[in-house]
Amino acid sequence: MVFIDTVDSPDSYQDDAEHRVVTGLLWLHGARTGFTPLTQSVVMGRADHADIVLSTSHVSREHLALDVTSAGVTARDLGSKNGSFIDGEQISSAPLRHSAILRVGDTIALFWNAPGPADTGFRAIAEGLYGGPTLARAVEDLRPVARSELSIIIVGETGSGKEAVARAVHDQSGRKGPLIAVNCATIPEQLAEAQLFGHRRGAFTGALSSEAGYMRAAENGTLFLDEIVELPLPVQAKLLRAIQENEYVPVGETRPIRANVRFLCAAQAPLEQAVARGTFRQDLAARLDGYQFRLPPLGARREDIPFLFSRFLGEALGGSAPELSPRVVETLCVYPWPGNVRELINTARQVAVLRGQETMIRYEHLPERVRSSTTRGQDSDRTRSEPPPGSIRAPDSDARELEAALISQRGNVQRAAEQLGISRGRAYRIIAAGQVDISRFRGGKK
């Protein structure tokens, strides 16, 4: 099993291309797919003359402008009927940061502003390891390392998928033996040495039979030690010798056993922190540190979230997943996922049990803790015809211009909006925000 290429050529990651910042929109849901680079200011909308055409009834003809300057990119609502949203919050104008989630009507996009290509899309990066450009870029250097005999430290938050990375490395290594995954935090301290290296019958109280141990089980394969900082210090000393000498002695035995094992380990933080606390041997940390791989948490690869959720939802249902509404995709992306991929899996399973019979998963079907990540107070997927009065306050200059236009047009809102080149809906929103008193223009009064 090999890592699956995520770009047309590995050279895409070399030389200047590896460090060049790419700016654009990665489409996650709705009217468009793929990646759209942003090299100049654009207008998004339903109109044929828009720079980015979104063919859906929930999008205004000229809905949103993306102003590209040397200082960055700013999203600016153009008086749209249904509003524009960044990270779940309705905006009139706001700067965009990398991985911001943009919702325009039924279309969801992620704003990309980082080095490396963003057009790889969501795909299988390796067997059992799925992701988009953030994860693909992170694992790129693992390809040559996986084929070597270097020990690898995988650093990542709990639940972020460290075992999936270890399995991908093992599959690529060419080793004929199995991958044996051990969570060191679950091994009782008094049994850690016996479980890791095996033991002879009668070697200690309760040893009613001989056991081969994890090292023997991983022969000719890979031993993956998750949460390795939880190993007791005496066992760390014996592990160091096993790695250096390629041999170990089971508990109760006197003769060493030769070993052909490749070591991978994982921790939630760099091993140097445990060394500084005095809970991990410095010499073992140095011996294991053939290569250190940092696995991005799920919240740092937002582009993966809706696709992973649909995949896990389908697996839980034993078939294809129901469609996700735009607000569900937006909410899933904005939620921080402190439990990472493990929490996402559990959420998908919960939705499958409670709402698996639905043809579309809607906002109200998500657990409350996930819905709370968007705080604008909406409780359904219905598209509003207008935002609540006062929810968006226009700049005072806009209000003054509208007031002057209303005076010249004798209180006619439609003609005043046309005079200013804005939509009638935007004019009414400025009025509804209390910035212009429309009553003084009724009846031809000035």
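Quick summary incoming for the structure in this document.

1. Comments concerning the nonpolar core
Ranked by size, the top nonpolar core spans 33 residues in total, and within it Leu223, Leu225, Ile228, Leu239, Leu271, Phe280 and Leu288 carry the most contacts. Where this core is concerned, the elements lending two or more residues are β14 (152-155), β15 (179-183), α4 (192-197), β16 (222-226), α6 (233-245), β19 (262-267), α7 (271-277) and α8 (282-288). For this core, the element with the highest residue contribution is α6, accounting for five residues. Look past the residues within four positions of leucine 271 in its chain and what remains in contact with it is Ile153, Ile228, Val229, Phe280, Ala285 and Leu288. In terms of nonpolar packing, the next biggest core, distinct from the first, is built from 31 residues, Ala114, Ala118, Leu308 and Ala352 among them.

2. What to know about the state of the cysteines
This structure, assessed with the given rule, holds zero disulfides. Its sulfur unpaired, cysteine 265 is 8.8 Å from the next cysteine sulfur, which belongs to cysteine 184. The exposure class of cysteine 265 is buried, given its relative accessible area of 1%.

3. Here we look at unusual backbone geometry
Backbone geometry at aspartate 87 places phi at a positive 50°, although glycine is not the residue there. With respect to the secondary-structure elements, aspartate 87 resides in the loop between β7 (84-86) and β8 (89-91). Aspartate 87 sits in the buried class, given a relative accessible area of 17%. With a phi angle near 60°, asparagine 340 is a residue other than glycine that sits in the positive phi range. Topologically, asparagine 340 is positioned in helix α11 (residues 340-355).

4. Here we look at the pairing of strand β6 (residues 72-77)
Side chains of β6 alternate between two faces, with Val73, Ala75 and Asp77 buried and Gly72, Thr74 and Arg76 left unburied. Sheet topology places strand β5 (residues 64-69) next to β6; six bridges connect them, and they run antiparallel. In the strand pairing of β6, alanine 65 is matched with arginine 76. Linking two consecutive strands that pair antiparallel, namely β5 and β6, is a turn of two residues. Sheet topology places β6 next to strand β9 (residues 93-95); three bridges connect them, and they run antiparallel. Following the sheet pairing, alanine 75 is matched in β9 by alanine 94.

5. Considering the packing of helix α9 (residues 305-317) against α11
α11 packs onto α9 with a crossing angle of 50° between their chain directions and a minimal axis gap of 8 Å. If you check the angle between α9 and α11, you find them oblique. Our pair here, α9 against α11, has a crossing hand that is right-handed. Counted together, Ile305, Leu308, Phe309, Phe312, Leu313, Ala316 and Leu317 of α9 and Val341, Leu344, Ile345, Thr347, Ala348, Arg349, Val351 and Ala352 of α11 form the full contact between these two elements. For the contact of α9 with α11, the class distribution of residues is 13 nonpolar, one polar and one charged.

Reading the values: rules and limits
- Residues numbered from 1 in each chain as written.
- Predicted model: local features only at pLDDT ≥ 70, side-chain atom pairs only at ≥ 80, totals over all residues.
- Heavy atoms only, no water.
- Core = buried A, V, L, I, M, F, W, Y, C linked by side-chain atoms within 4.5 Å.
- Buried < 20%, exposed > 50% of the residue type's maximum accessible area, 1.4 Å probe, protein only.
- Helix = DSSP H or I, 4+ residues; strand = E, 2+ residues; numbered from the N terminus.
- Contact = heavy atoms within 4.5 Å.
- Disulfide = S-S within 2.5 Å.
- Pairing = 2+ DSSP bridges.
- Axes fitted to C-alpha atoms, helices over the stretch in contact; angles between N-to-C directions.
- Parallel < 35°, antiparallel > 145°, perpendicular 65-115°, else oblique.
- Left-handed = near helix turned anticlockwise from the far one by under 90°.
- Nonpolar A, V, L, I, M, F, W, Y, C, P; charged D, E, K, R; others polar.

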